[in-house]
Amino acid sequence: MRTQVAIIGAGPSGLLLGALLSKAGIDNVIVEQRSADYVLGRIRAGVLEQVAVDLLDEVGIGARMHAEGLPHDGFDLCFDDRRHRIDLHGLTGKRVMVYGQTEVTRDLMDARRASGRPTVYEAADVGVHGFEGKAPGVRYVKDGARHEIQCDFIAGCDGFHGVCRASVPQDKLALHEKVYPFGWLGLLADVPPVSHELIYVNHPRGFALCSQRSRTRSRYYVQCALDDQVEHWSDDAFWAELKRRLPADTAAQLTTGPSIEKSIAPLRSFVAEPMRFGRLFLAGDAAHIVPPTGAKGLNLAATDVGYLSQSLVDYYQGHEQGIATYSERCLRRIWRAERFSWWMTSLMHRFPDNGSFDHKMQSAELDYLVNSPAAMTALAENYVGLPL
Ligand code: APR
Ligand code: PHB
């Protein structure tokens, strides 16, 4: 098989890149190691910046998002048992869209299927080669048979554990990593959200987050120990712990119910530089991870592939400047999002090794934040997304 761009991974990065390239008339094939159902079964982020909304509109899949997604004009920061509203729209003129990554992925998959462009699911032993020369290729095994795709470019959209970053000579990669000493235990349930906006909570027992997927489906998180196991958390234990971290009046309004999904995610900051090696590009989680506190992961993935598709369109029109500067342009935005995600994580969590001085610093910063329009604006402009 021959194509212009071989895309590895059918997560949001790979599917959105495929849609953007297809719209520009650039031939592409997606190779994914899992099944479509498996990909859709992963519960992940839920907050879209305007730039991500615009990209989904650009590829013509925004209709369900606009009908079912919830535009949010603000969120609450909660500490010392009091909620303080951050007026995103008032401070920045922008808002965010609450719409689950699962739904974005489903919309992209439906559009992909309708387009007739090839997606190979359940591809085993995926390998990439030749990207340092002019004739890159992708090999995989499907139903026991070996296949090879010849292409002009490879897009590594295969997530943190993917094969693309791992195939780059390690002396050509600079890795920057910070692993946090806690995780998030998340629970999804068909109950109405406790508040119409998100609540980020700093509490002596640990961070908590009240999020949502719709008016009838809620997503909640509590900070947990890294070695905690989800089997040790009954639904009742989760709800009880969440209530302890909320102000009494908010806890009293919480509707509980059976979980649809419950899982523990570790928190990590990670960047691999650069993001291009000859004819191989990395995008999304393959190149970087942010802790979820700032809701930036999916948005960074979307902007990476926005830059990448534009660079490839330019290339096929005879301009190589776009692909030459792809890595640099992405990384500038990524590092700013890394900084914001690290800062918000540091501000909102209990760190096991922190003493009373560190706790006082958190309290002083939160106090400053909700009383200074300048500080609040800095938070708000990062949360809604910095300009491209
Ligand atoms: N070959 C083919 N596909 C692979 C391989 C491989 N060797 N390794 C991984 N994959 C697939 C995974 O199964 C997954 O479906 O690549 C896809 C990567 O998808 P994601 O992990 O969702 O990464 P990305 O598309 O970059 O999306 C980033 O996901 O983790 C969140 O916060 C993050 O919201 C952000 C988004
Ligand atoms: C979510 O709804 O899953 C979510 C929302 C905001 C975050 C992180 C996760 O910062």
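Preceding this paragraph is the structure being described.
Report follows, based on the coordinates. Note that this is a predicted model, so its numbers are computed, not measured. (Residues numbered from 1 in each chain as written. Chains lettered and ligands numbered in written order. Predicted model: local features only at pLDDT ≥ 70, side-chain atom pairs only at ≥ 80, totals over all residues. Heavy atoms only, no water.)

**With respect to the site of ligand 1**
No. 1: Ser13, Glu32, Arg44, Gln101 and Asp285 are the nearest of the 24 residues found near ligand 1.
No. 2: Within the side chain of Arg44, an N or O atom sits 2.6 Å from an oxygen atom of ligand 1.
No. 3: Measuring from an oxygen atom of ligand 1, one finds a backbone N or O atom of Leu298 at 3.1 Å.
No. 4: Contact with the protein chains removes 91% of the 710 Å² of surface that ligand 1 exposes when unbound. (Near = heavy atom within 4 Å. Polar contact = N/O pair within 3.5 Å; in protein donor to acceptor, adjacent residues only side chain to side chain. Areas by Shrake-Rupley, 256 points an atom, 1.4 Å probe, with all protein chains shown as cover.)

**Notes on the pairing of strand β2 (residues 28-31)**
Residues in a regular strand point their side chains to alternate faces of the sheet.
No. 1: Alternating residues of β2 divide into Asn28 and Ile30 and Val29 and Val31, and every residue in both groups is buried.
No. 2: One ladder, built from 4 bridges, connects strand β1 (residues 5-8) with β2; its direction is parallel. Within the sheet, the bridge partner assigned to Val5 lies in β2 and is Asn28.
No. 3: Taken together, the 2 bridges between β2 and strand β8 (residues 119-120) define a ladder with parallel strand orientation. (Buried < 20%, exposed > 50% of the residue type's maximum accessible area, 1.4 Å probe, protein only. Helix = DSSP H or I, 4+ residues; strand = E, 2+ residues; numbered from the N terminus. Pairing = 2+ DSSP bridges.)

**Concerning the packing of aromatic side chains**
Geometrically, a pair of aromatic rings is defined through the distance of the ring centres and the angle of the planes.
No. 1: Applying the stated criterion across every chain yields a total of 17 aromatic pairs.
No. 2: Between Trp184 and Phe207, the ring centres sit 5.0 Å apart and the planes meet at 20°, which makes this aromatic pair stacked. With Trp184 in strand β13 (residues 174-189) and Phe207 in the loop between β14 (199-201) and β15 (208-212), this residue pair connects regions lying 23 residues apart in the sequence. Assigned by exposure class, Trp184 and Phe207 land together as buried.
No. 3: Ring geometry for Tyr315 and Tyr316: centres 5.2 Å apart, planes at 85°, overall edge-to-face.
No. 4: What links up through ring pairs into an aromatic cluster is the set Phe75, Trp184, Tyr200, Phe207, Tyr221 and Tyr383.
No. 5: Of note, Arg34 hangs over the ring of Tyr38, and the distance from its end group to the ring centre comes to 4.2 Å.
No. 6: Positioned over the ring face of Phe153 is Arg279, at 4.8 Å from the centre of the ring. (Phe/Tyr/Trp six-rings, centres within 6.5 Å; stacked < 30°, edge-to-face > 60°. Lys NZ or Arg CZ within 6 Å of the ring centre and 35° of its normal.)

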